[in-house]
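# Summary of the model geometry
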Amino acid sequence: MALDIRRFIQRFVEEAADHLPRLREGISALEQGRADREQINELFRAAHTLKGSSRMLKLVPITALAHSTEELLSALREGTLTATPAVTSLLSQAVDGLSDLVSRLADGATGDDLPAADEALCSALENAAHGQTPTQPSNPDTPTSTPTTSSSSSTSSATLVTENELRLSDTVRVRLDRLDDVIRLMGEVLSGHHHLHGLVDQARELSTTLPTEQQAPFHAFHRELKDSVLSHESLMSDLHDRALQMRMLPLSVVFDPLAHMSRELAQSLGKQVDCRVRGSEIELDRQMIDRLSDPLIHLLRNALDHGLELPAERQAAGKPSRGQLIIEAWQDADWVVVEMRDDGAGIALDAVRQKALAKQLINEEQLNALSEQETLELIFLPGFSTKSMITDFSGRGVGMDVVKRTVVDELNGDLQLASERGSGTRFTLRLPLSLAMMRVLLVSVGGVNLGVTAPYVSELVECSSQSFIDAAGQRTLILRNEFVPVVSLAQLLELPTKTATTDNTLLLVVHQRHQKLALIIDSLIDERDMVIKPLPAHLRYLPLVSGMVSMGRNALVSLLHVPALLEASRHGAQRPNEERATSALAKRILVVDDSLNTREIEKDVLEAWGYHVTLAENGRDGLAKALAEPFDAVLTDVEMPVMDGFALTARLRENEVYRYRPIIIITSREKEADRRRGIEVGADAYIVKGSFDQNNLVETLQALLG
């Protein structure tokens, strides 16, 4: 796909509208002898930026004239030339010429439509830069090569400049830090406005203490105050949203250069690639896009360097010689999903294991306990890669660990990796639309107020503590068709634990993609849109806190980082006593369930009794793994995508290896008709999750295995 240069022309025109007035102001200061060294540096940088931007867009006349202007400004900056009237006159002519060319672009011209740069003016600029006495070019007021008279040209040039400046006045370039200040201040006003709600409530309570004859007029005052507060809150919220929209940019500003870069890099590596971009119209906050560029560039280079094979290797493997690289984005509720996938060789698990051991990132015992997915994710460990990738865009090294840290820690997102040997690799990034303002749930735990951003919240559940089950030493809630680990948030954060006064427990269920965790909290305080404040530099080492929000006057509330909470809960979970694991005699069990939590909990239960467990995420995945290597027993859910548990059981019974091997269905379906269906397709046991008991599962499995 060719890079559509026209999409960037308008952006260049807007950029030039910022730099050209700065050049005029700087030249005026030079003429008056009041330009200091920094102002000359600014002049040089403006010309340099115009040259670089125009070169990327193949605007050759602008590039040539900006280059010659840059040469003369460089000599002024280095002190080898002084700003004489002849020098400043040449610079003024150069800016007039640049303005004329930019004006043509604003009228719809493309790079091919622009007239050639005035060679005489370019030569005069460069000669002056090298110390030759500046001479006026034969046509000083005409920036192009078209001949015309001096008088008419001068009048024409002034008209062009004036019209161009008027034409561009309908758009204003604003420094990003100034826009950030406006958004920050609007957010502070909006957050502070919540304090007025408290005053409205206090006024209502105050009315009950007034004499009867004063209550009617006070009620009228209270009603008007409340309506005014709500009206102003709506206006401020709308104003803040409009300000945020001003900072939104389409992903095309990142995706299109990536597509262009992929072809050049592939060619330098002797490879062929078709890069397809989809969803580039999806918008993200400018701050998000800026910080997303480096990780995406590294993922692209990684795909081309390590993922896609050489044409001869692809043909030998039965693939087309040209590799396929897809960069795609779509919106999912309050998230934007960015996916980069290729049809290359995939990631070799054996190579990952060997490298992790060789670099002493993990020991052999720990490595043997990892699942295939966990082994894949070793590439995100600091120090896994021996190379730091230097990019033309960023000019600094970015490794896979930095990619994950940027996406997860800095952007409050999620990064997932999937790879199939011989078929390709897929990286999936889930990102919030903006980090400036998000929906936040405020909760109280151990006497401390904390916040959780709404995209990570699954639901609030109030239940009896009697409804929890013990699964391999882990307190667990059966929530519909899923086992969800239950953890005290107070204990996880080492806060004081509140003594329960009732049998009911309030749970905040958080999630990150397919993984869930039920956090025990004391109470829910509020839910509202809030401005997210970054942590100060001295607190950024705190892994469980991603930012701060303001609650009332001078009250800051820590915002919990859910991915880090999930990680901490996994590490803090106590493993059951492995001395019990002697009776299973290393039997191999396949667990098939589309819920990550359920798979992991059943795995913990079975491994506690010494079984070797392999996991599959749906029926088709389970069937493929069962046919690839023999298992002593299969545990499967019923409701799964692609292929359900009934179909999987029936297919396994058709295979000679699994004709008589134990197959246990574990599901939330309680109807007798479902039980009969399970028996008909060949299941040996049918366990309902609602009445799940780990001892019952193990006893059933032991009985079936003999």
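Residues numbered from 1 in each chain as written. Predicted model: local features only at pLDDT ≥ 70, side-chain atom pairs only at ≥ 80, totals over all residues. Heavy atoms only, no water.

## So, helix H20 (residues 645–653)
Quick reminder of the rule: Working definition: with a 1.4 Å probe on protein chains only, accessible area under 20% of the residue-type maximum means buried, over 50% means exposed, and in between means partly exposed. Strands here mean DSSP runs of E at least two residues long; helices mean DSSP runs of H or I at least four residues long; both are numbered from the N terminus. Read the arc as the range of directions from the helix axis to the C-beta atoms. A contact between two residues is defined here by any heavy atoms of the two lying within 4.5 Å. Within 3.5 Å is the distance limit for a polar contact, defined as a pair of N or O atoms, with the added protein rule that one can donate a hydrogen and the other accept it, and that residues adjacent in sequence qualify only through two side-chain atoms.
When H20 is considered as a whole, its buried residues turn out to be Gly645, Phe646, Leu648, Thr649, Leu652 and Arg653. Down the axis of H20, the buried side of the element spans an arc of 165°, and every buried residue falls inside it. In this structure, the buried residues of H20 make contact with strand S21 (588–592), helix H19 (619–628), strand S23 (633–636), strand S24 (663–667) and helix H21 (672–681). With a side-chain oxygen lying 3.2 Å from the backbone nitrogen of Phe646, the N-terminal cap of H20 falls on Asp644.

## A short note on the side chain of Ser488
Among the structural elements, Ser488 can be located in strand S15 (residues 482–488). For Ser488, a relative accessible area of 9% corresponds to the buried category. Not counting chain neighbours up to four residues away, the residues in contact with Ser488 comprise Arg475 and Ile520.

## Remarks on the confidence of the model for the protein chain
We apply this condition: Confidence of the prediction at every residue is given by pLDDT, a number between 0 and 100.
The pLDDT averaged across the protein chain works out to 82; a share of 89% of its residues lies at or above 70. For the stretch residues 139–154, pLDDT sits under 50, and the model shows 24 contacts to residues farther than four places along the chain or on other chains. Taken as a whole, residues 574–584 scores under 50 in pLDDT and shows 17 contacts with residues more than four places along the chain or in a different chain.

## Some thoughts on the pattern of salt bridges
The following threshold applies: What counts as a salt bridge is simple: a side-chain nitrogen of Lys or Arg found within 4 Å of a carboxyl oxygen of Asp or Glu.
If you walk through the whole model with that rule in mind, you get 29 salt bridges. Between Asp637 and Lys689 there is a salt bridge whose closest N-O contact spans 3.8 Å. Taken together, the residues Asp637 in the loop between S23 and H20 and Lys689 in the loop between strand S25 (685–688) and helix H22 (694–705) connect sequence positions 52 residues apart. The exposure classification of Asp637 matches that of Lys689, with both residues buried. Residues joined in a network through salt bridges with shared partners are Arg278, Glu328, Glu339, Arg341 and Arg426.

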